[in-house]
Amino acid sequence: MNEMLEKYSKLFSLSGRTALVTGGAGGIGSAICEGLAAQGSEVLLTSRSAEKAKKLADSINAAGGKATGLELEVDTMETVKRFVAGVYKDHPKIDILVNCIGGQIEAPAEEYREEDWDEIFKGSLKTAFFLSQAVAKGQIGNGGGKHIHLSSVRSMLGIHRGYIGYCSSRGGMNMMIKQLATEWAKHGITVNGIAPTFTRTELVARYLNDPAFYNPLIARIPLGRVAEPIDIAGLAMYFAAPAADFITGQIVFADGGVTACQ
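Throughout what follows, the structure given in this document is the object of discussion.

## A look at the overall build of the chain
Okay, so step 1: Within the chain, the secondary structure is distributed over 10 helices and seven strands.
Okay, so step 2: Rg of the C-alpha trace for the chain: 18 Å, near the compact-globule value of 18 Å for 262 residues, within the 12% margin.
Okay, so step 3: Along the first, second and third principal axes, the C-alpha set of the chain runs to 55 × 45 × 40 Å.
Okay, so step 4: The long-range fraction of contacts in the chain, counting pairs at least 24 apart against all pairs at least 6 apart in sequence, stands at 72%.
Okay, so step 5: Between the mean site of the 26 positive side-chain charges and the mean site of the 27 negative ones, the chain shows a separation of 4 Å.

Below you can see the structure in the form of structure tokens.
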């Protein structure tokens, strides 16, 4: 290929990169892992279930990629730090972090319990920060890296359901992304977020299979459908690639146009 064109062909190559994908065996995470592996990255993917992580890694390896499944149960932030330290022992560099860890406890705001609030903020926001911090410590002075966090369209828009903990924690995540991007830019670390609308995974299958819920939902989405995991994977692949080297502190709403008109 002509040298002039070859530089563009390399914009999306992840050959020689190592990616850590936490929550990587979930519905969205698994698509991201497959996408990163397809572009040449070695993928270290985590799940609370070692069996689930290994199963996905085995399928990626069988398809010609390179992946390792790891167990990660986030109970304390010390667990997160020890886990990342262990990854660095086996891999001299983590080039890409994709954080897909999160959860939801639904209840009306007037009845929301303190312990549920703490659990959601721990699982979504607190874990996201200390995970990024632990990975960044190995990237600072070592060429930098890419951090990508899964947020939500509900970080920007409220909903007529008991999502106070979820919406608040995701809104905080968006601001965390901007602040980390600002602080770590000098170290060559970019930090970005992906904020999907409802995405077709097993986690929300009961909602999407209910016409009373699904039909009004897609009526509010200009593109007339919910997101598919591959839609989210494509954005993660972009943020992880050299093509996004000048992009940081951004939250891209993968929402079919919802935030354009609401």
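## Digging into the sheet that holds strand β4 (residues 96-99)
Okay, so step 1: The parallel open sheet is built from seven strands, whose spatial order is β3-β2-β1-β4-β5-β6-β7. The sheet is open, and its two borders are formed by β3 (66-71) and β7 (251-254), each paired with just one other strand. Each strand of the sheet is rotated relative to its neighbour by a mean of 15°, with strand direction disregarded.
Okay, so step 2: Strand direction decides the pairing type here: strand β1 (residues 18-22) and strand β2 (residues 42-47), joined by four bridges, are parallel. Looking at β2, one finds that V21 is bridged to L45.

## Points about helix α5 (residues 114-139)
Okay, so step 1: In this model, α5 (26 residues) spans 36 Å end to end at C-alpha, consistent with the 38 Å of a helix rising 1.5 Å per residue.
Okay, so step 2: Along α5, the sharpest change in direction is near 45° and occurs at K122.
Okay, so step 3: Backbone geometry just downstream of α5 places G141 in the positive-phi region, at approximately 80°.

## Here's the deal with the side chain of R154
Okay, so step 1: Considering the arrangement of structural elements, one finds R154 in the loop between β5 (145-150) and α6 (164-184).
Okay, so step 2: One buried charged side chain, R154, makes no salt bridge at all; its nearest oppositely charged neighbour is D255, positioned 8.9 Å away.
Okay, so step 3: Polar contacts involving the side chain of R154 include one to the main-chain carbonyl oxygen of G158, which spans 2.5 Å.

## Focus: the pairing of β3
Regular strands place side chains that alternate from one sheet face to the opposite one.
Okay, so step 1: As paired strands, β2 and β3 are joined by six bridges and run parallel to one another. Residue pairing for β3: L44 is matched across the bridge by T68.
Okay, so step 2: Assessed by its sense of winding, the connection that carries the chain from β2 through helix α3 (residues 50-62) to β3 is right-handed.

## Details of the pairing of β1
Okay, so step 1: For β1, a buried count of five out of five residues is recorded, marking the element as mostly surrounded by other parts of the structure.
Okay, so step 2: Burial of β1 is two-sided: the residues T18, L20 and T22 facing one way and the residues A19 and V21 facing the other way are all buried.
Okay, so step 3: Each parallel crossover has a hand, and for β1 linked through helix α2 (residues 27-38) to β2 it is right-handed.
Okay, so step 4: Here four bridges tie β1 to β4, and the two strands are oriented parallel to one another. Bridging from a neighbouring strand, L20 pairs with L97 of β4.

## Quick word on the state of the cysteines
Okay, so step 1: Under the defined criterion, the tally for this structure stands at zero disulfides.
Okay, so step 2: Of the cysteine sulfurs around C33, a residue in no disulfide, the closest is that of C100, at 7.1 Å.
Okay, so step 3: You can see C167 has no disulfide; the closest cysteine sulfur is in C261, sitting 17 Å from it.
Okay, so step 4: The exposure class assigned to C167 is buried, which follows from its relative accessible area of 14%.

Rules used in this analysis
- Residues numbered from 1 in each chain as written.
- Predicted model: local features only at pLDDT ≥ 70, side-chain atom pairs only at ≥ 80, totals over all residues.
- Heavy atoms only, no water.
- Helix = DSSP H or I, 4+ residues; strand = E, 2+ residues; numbered from the N terminus.
- Rg over C-alpha atoms; globule rule 2.2 N^0.38 Å.
- Contact = heavy atoms within 4.5 Å.
- Lys, Arg positive; Asp, Glu negative; His and termini not counted.
- Charge placed at Lys NZ, Arg CZ, Asp CG, Glu CD.
- Pairing = 2+ DSSP bridges.
- Axes fitted to C-alpha atoms, helices over the stretch in contact; angles between N-to-C directions.
- Expected span 1.5 Å × (residues − 1).
- Bend = angle between axes of the 7 residues up to and from the residue.
- Buried < 20%, exposed > 50% of the residue type's maximum accessible area, 1.4 Å probe, protein only.
- Salt bridge = Lys/Arg side-chain N within 4 Å of Asp/Glu carboxyl O.
- Polar contact = N/O pair within 3.5 Å; in protein donor to acceptor, adjacent residues only side chain to side chain.
- Right-handed = clockwise from strand over helix to strand, strands pointing away.
- Disulfide = S-S within 2.5 Å.

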